Amino acid sequence: MNILVCIKQVPDMESKFKISSDGQWYEQSDLTFKINEYDEYAIEEAVRLKEKLGSAEVVALSIGPERTKEAIRKALAIGADKGVHIHDDESHKKDSFQIATIIASYAKDKNFDIIFLGMQSQDRASAQVGPILSELLGYNCITTIVSFEYQDGKVNVKRELEGGIKAKVSAKLPVVLTCQLGLNTVRYPTLPNIMKAKKKELITINVNELLNEQPRVINLKAYIPEKKKGGIILEGKSDEVADKLISILKEKTQVLR
Amino acid sequence: MIKQDITQYKNVWVFIEHNEGKIERVSLELLSKGAELAKDLGCEVCAFTVGDKVEQFAKEVGEYGAKKFYIIENPVLKEYRTEPWRDAIVYLIDKYKPEVALIGATTLGRDLAGTVATKLSAGLTADTTALDIDPSNKNLLMTRPTFGGNLMATIFCPDNRPQMSTVRPGVFKAVKNPTKPEIIKEKYDITEDKIVKKIIEKVQTGEEKVNLSFYEVIVAGGKGMGKKENLKLLEDLANVLGGTWAVSRKVVQAGWAPQSRQVGQTGQTVHPKIYIAAGISGAVQHVAGMKSSDIIIAINTDPEAPIFEVATYGIVGDCLQVLPKMTEMFKQKLVK
């Protein structure tokens, strides 16, 4: 079985973001990067499937500048067999459609049976690359999966829907699956596996070989939202504080009367 | 790619998401917002949906201002499945060519929007929280938070139509604006044997379904609540205030509360009149889901906690002591 896992390197969410000089997006320097959390579930699930089947190849793909290789090496240390780095220094400016197009043009003649992705990235959180990719490849697509099982050419999964409802869905291969929190617990790569990962194949492809599409949506501007001014700290004994709060709330809202 | 003739696209369409015979609240919120956009564009706001029996929704979408209601009915479309719903919706949009199509950024909406947009070569912006019309060229300006709300981006789609956007629930207000919508029913043939994906069953996981955005007061707890049993303190205060309780993601991860109670980037977005954050540090992902609340009251032992940056009022203290005190005091004062 051929399995593809798509991962994204995202900035640490606690970083201080600065607007880039063109005003359209954010400044890349001075940020620390790591694998998108949901993509880690995707890697783990792909590796588990491979271990269960005995014979399968897991390819880990990521799009981005040179540093993206770190993320791919981690996926290899978790257990992926082969890395594909699509070199693109401008990947952070591409829309979901372009990213999905890059992946699709890499994957289209490789006969992948299952493609695992995170259900969304932590930075943009659009949750669109998976569905668009499936559309471009003509694969089935199941999003936000929280359990996974493969049997006789079919995947059986549970999807998380709104408000605590789960749906059991099955689909034939080939299929695109997007992974949600709760699917699995990601293993820590062991030292021997980290060493082994350094010897695994990691190829680099230039993005220009794969992308020939203009973005469909364009950033007009990016800005840091205005922070609310720090609030008033209420002090005193808890009774007094509660008293103060009640009078404030009575005055300021229609809720308490 | 052949450039679309974008001048033939007209009207603002809102997707009516429904489940078990009920319309999702976000669709009504989008009708209200859609009406504002239509006014700026000088066109009409219309509703559209597909399903088994959906004509029954005409009355409700009319109450919220839809001038027309485009539908496709077919038993195969009863339950949501990406492919048949996509094809039916693509058929409607292709035929009537709206210039804007809005879809709720729910699990279903996010699943559907990407495939529909790809088929249509439309421009799609996901999870927007503000929508405006550029007065100079009538483009839709879609503003969305990224990086958990640390950075906002305003996005537009110059050359493709419809301009599609998924919009987070709870961001806009649903306002009644009664009309009598014209119903336009299209026939679309589709048979079960053409569909590859099967839904085996839907399972209620025992978690209750909670629509947090329905409440004017929300008492939310974080990891500082210490243990599962202490969440009762949130519920007690919420009951006195006539609200409901919620939690941060860390609490869901710890298994103390179901995901349906989660506020934040991966949970629900809320903007109640009063949001009480007890023992919540204020990670950006959480703040993204609650910062537009009218009044935010934060209780935390750490005076440096980031939650105090967004709080209207802050109480430095242990929420396990402060919450019961507040419950007691509110009980006394509010009864009088």
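Parameters and conventions
- Residues numbered from 1 in each chain as written.
- Chains lettered and ligands numbered in written order.
- Predicted model: local features only at pLDDT ≥ 70, side-chain atom pairs only at ≥ 80, totals over all residues.
- Heavy atoms only, no water.
- Helix = DSSP H or I, 4+ residues; strand = E, 2+ residues; numbered from the N terminus.
- Buried < 20%, exposed > 50% of the residue type's maximum accessible area, 1.4 Å probe, protein only.
- Contact = heavy atoms within 4.5 Å.
- Axes fitted to C-alpha atoms, helices over the stretch in contact; angles between N-to-C directions.
- Parallel < 35°, antiparallel > 145°, perpendicular 65-115°, else oblique.
- Left-handed = near helix turned anticlockwise from the far one by under 90°.
- Domains from an automatic or database assignment.
- 1 Å grid on protein atoms, 1.4 Å probe; cavity = no way out; pocket = protein on both sides within 12 Å on 5 of 7 lines; lining within 4 Å.
- Points joined across faces, edges and corners; volume = space filled by probe spheres on them.
- Nonpolar A, V, L, I, M, F, W, Y, C, P; charged D, E, K, R; others polar.
- Salt bridge = Lys/Arg side-chain N within 4 Å of Asp/Glu carboxyl O.
- Pairing = 2+ DSSP bridges.
- Core = buried A, V, L, I, M, F, W, Y, C linked by side-chain atoms within 4.5 Å.
- Patch = residues over 30% accessible without salt bridge, like charges linked within 9 Å, V, L, I, M, F, W, Y side chains within 5 Å.
- Areas by Shrake-Rupley, 256 points an atom, 1.4 Å probe, with all protein chains shown as cover.
- pLDDT = per-residue confidence, 0-100.

Chemist: Break down the overall build of chain A for me, with residues and values.
Modeler: What chain A contains, in helices and strands, is 6 helices and 13 strands. The C-alpha extent of chain A, read off along each of the three principal axes, is 70 × 45 × 40 Å. Residues counted as buried form 57% of the 257 residues belonging to chain A. Considering only contacts within chain A whose residues lie at least 6 apart along the sequence, 71% involve residues at least 24 apart.

Chemist: Can you explain the side chain of Ser-91 of chain A? Please cite residues and give values.
Modeler: With respect to the element layout, Ser-91 of chain A can be found in the loop between strand 5 (82-87) and helix 3 (96-107). Ignoring any residue separated from it by four or fewer positions in sequence, one finds Ser-91 of chain A in contact with Ile-63, Gly-64, Pro-65 and Ile-99 of chain A.

Chemist: So, the packing of helix 3 of chain A against helix 4 (residues 129-137) of chain A: which residues are in play, and what are the values?
Modeler: Residue and element names in this part refer to chain A. Between helix 3 and helix 4, the shortest axis-to-axis distance is 9 Å and the interhelical angle comes to 45°. By the angle between their axes, helix 3 is oblique relative to helix 4. Regarding helix 3 and helix 4, the two cross each other, and that crossing is right-handed. Of the residues in helix 4, those in contact with Ser-96, Phe-97, Ile-99, Ala-100, Thr-101, Ile-103, Ala-104 and Ala-107 of helix 3 are Val-129, Ile-132, Leu-133, Leu-136 and Leu-137.

Chemist: Explain the domain arrangement of chain A residue by residue, including any values.
Modeler: Looking at the assigned domains, one finds that chain A contains domain 1 (2-209) and domain 2 (230-257). Between the C-alpha centres of domain 1 of chain A and domain 2 of chain A the distance comes to 47 Å.

Chemist: Give a description of empty space enclosed by the protein that names residues and reports values.
Modeler: Residues and elements named next belong to chain A. Within this structure, the stated rule accounts for 1 cavity of 30 Å³ or more. In this structure, the largest cavity encloses a volume near 550 Å³. Around the largest cavity, the lining is made up of 37 residues, and of these Lys-8, Ile-99, Ser-121, Asp-123 and Val-129 lie nearest the centre. Elements that contribute at least two residues to the lining of the largest cavity include exactly strand 1 (2-7), strand 2 (9-11), strand 4 (57-64), helix 3, strand 6 (114-118) and helix 4. A breakdown of the residues in the lining of the largest cavity according to their chemical character gives 15 nonpolar, 14 polar and 8 charged.

Chemist: Go over the pattern of salt bridges, please, and point to the residues and values.
Modeler: Considering all chains together, one arrives at 30 salt bridges over all chains under this definition. The salt bridge involving Lys-185 of chain B is made with Glu-73 of chain B; its shortest N-O contact spans 3.4 Å. Separated by 112 residues along the polypeptide, Lys-185 of chain B in strand 12 (residues 182-186) and Glu-73 of chain B in strand 5 (residues 68-73) bring together distant segments of the chain. Here Arg-86 of chain B and Asp-87 of chain B are joined by a salt bridge, their closest N and O atoms 2.8 Å apart. Residue Asp-87 of chain B is classed as partly exposed on the basis of its relative accessible area, which comes to 23%. Beyond isolated ion pairs, a larger network of salt bridges with shared partners links Glu-44, Arg-48, Glu-51 and Arg-187 of chain A.

Chemist: Can you tell me about the environment of Val-12 of chain B, naming the residues and giving the values?
Modeler: Residues and elements named next belong to chain B. Counting through the fold element by element, Val-12 comes out in strand 1 (residues 12-15). Note on Val-12: relative accessible area 0%, which makes it buried. Put simply, Val-12 and Lys-291 are 279 residues apart on the chain and 29 Å apart in space, counted from C-alpha to C-alpha. With residues near it in sequence (within four places) discarded, Val-12 still touches Gly-34, Leu-37, Ala-38, Leu-41, Cys-43, Glu-44, Val-45, Cys-46, Val-100 and Leu-102.

Chemist: Describe the sheet that holds strand 12 (residues 218-223) of chain A, and please don't skip the residues or the numbers.
Modeler: Two strands in a sheet stick together by hydrogen bonds in their backbones, pointing the same way (parallel) or opposite ways (antiparallel). Strand order in the open sheet made by the 4 strands is 12(A)-10(B)-9(B)-8(B), with antiparallel pairing throughout. Either end of the sheet is taken by a strand with one partner, and the two such strands are strand 12 of chain A together with strand 8 (130-133) of chain B. When strand polarity is set aside, the average angle formed by the axes of neighbouring strands in this sheet is 25°.

Chemist: Hey, could you go over the pairing of strand 9 (residues 140-146) of chain B for me, with residue numbers and the actual values?
Modeler: When a strand is regular, its side chains alternate between the sheet's two faces. Residues and elements named next belong to chain B. When you tally the buried positions in strand 9, you get 6 out of 7 residues, the bulk of the element. Alignment of strand 8 against strand 9, held across 4 bridges, turns out to be antiparallel. Note on strand 9: the bridge partner recorded for Ala-130 is Thr-143. Between strand 8 and strand 9, which pair antiparallel one after the other, the connecting turn spans 6 residues, and Lys-138 there sits at a positive phi close to 65°. Sheet analysis places strand 9 next to strand 10 (residues 151-156), joined by 5 bridges and oriented antiparallel. The partner of Met-142 across the bridge, within strand 10, is Ile-155. Counted between consecutive antiparallel strands, the loop separating strand 9 from strand 10 contains 4 residues, among which Phe-147 sits at a positive phi close to 50°.

Chemist: Would you mind going over the environment of Gly-221 of chain B in detail, with residue names and values included?
Modeler: All names here are of chain B. By the element assignment, Gly-221 lies in strand 14 (residues 217-221). We classify Gly-221 as buried; its relative accessible area is 0%. Along the primary structure Gly-221 and Pro-169 are separated by 52 residues, whereas in three dimensions their C-alpha atoms are 21 Å apart. The residues contacting Gly-221, other than those within four sequence positions of it, are Leu-234, Ala-246, Val-247, Ser-248, Val-251, Ala-278 and Ile-280.

Chemist: Requested: an account of the nonpolar core, with residues and values cited.
Modeler: The biggest cluster of nonpolar side chains holds 46 residues, and the ones touching the most others in it are Val-12, Ile-16, Leu-31, Val-61, Phe-69, Leu-102 and Leu-131 of chain B. Other than its neighbours up to four places away in sequence, Leu-102 of chain B contacts Val-12, Trp-13, Val-14, Phe-15, Leu-30, Gly-34, Leu-37, Leu-131 and Ser-165 of chain B. Val-5, Tyr-38, Ile-142 and Leu-177 of chain A belong to the second-largest nonpolar core, a separate cluster that totals 40 residues.

Chemist: So what's going on with helix 4 of chain A? Which residues, and what values?
Modeler: The buried fraction of helix 4 of chain A is high, at 8 of 9 residues. Buried residues of helix 4 of chain A: Val-129, Gly-130, Pro-131, Ile-132, Leu-133, Ser-134, Glu-135 and Leu-137 of chain A, and no others. Taken together, the buried residues of helix 4 of chain A touch helix 3, strand 6, strand 7 (140-151) and strand 10 (175-179) of chain A together with helix 3 (82-96) and helix 4 (107-120) of chain B. Just past helix 4 of chain A, the residue Gly-138 of chain A takes up positive phi, approximately 75°.

Chemist: Pulling in residues and values, what's your account of a nonpolar patch on the surface?
Modeler: All names here are of chain A. Residues Leu-191, Ile-194 and Met-195 make up a contiguous nonpolar surface patch of roughly 280 Å² in combined accessible area. Along the chain, Met-195 falls in helix 5 (residues 191-199). Judged by relative accessible area, which is 44%, Met-195 ranks as partly exposed.

Chemist: Can you tell me about the confidence of the model for chain B, naming the residues and giving the values?
Modeler: It should be kept in mind that the predicted coordinates are not to be read in detail where pLDDT is low. Confidence in the prediction for chain B averages 90 pLDDT; 94% of positions are at 70 or higher. Prediction confidence for the complex, expressed as pTM and ipTM, is 0.83 and 0.83 respectively.

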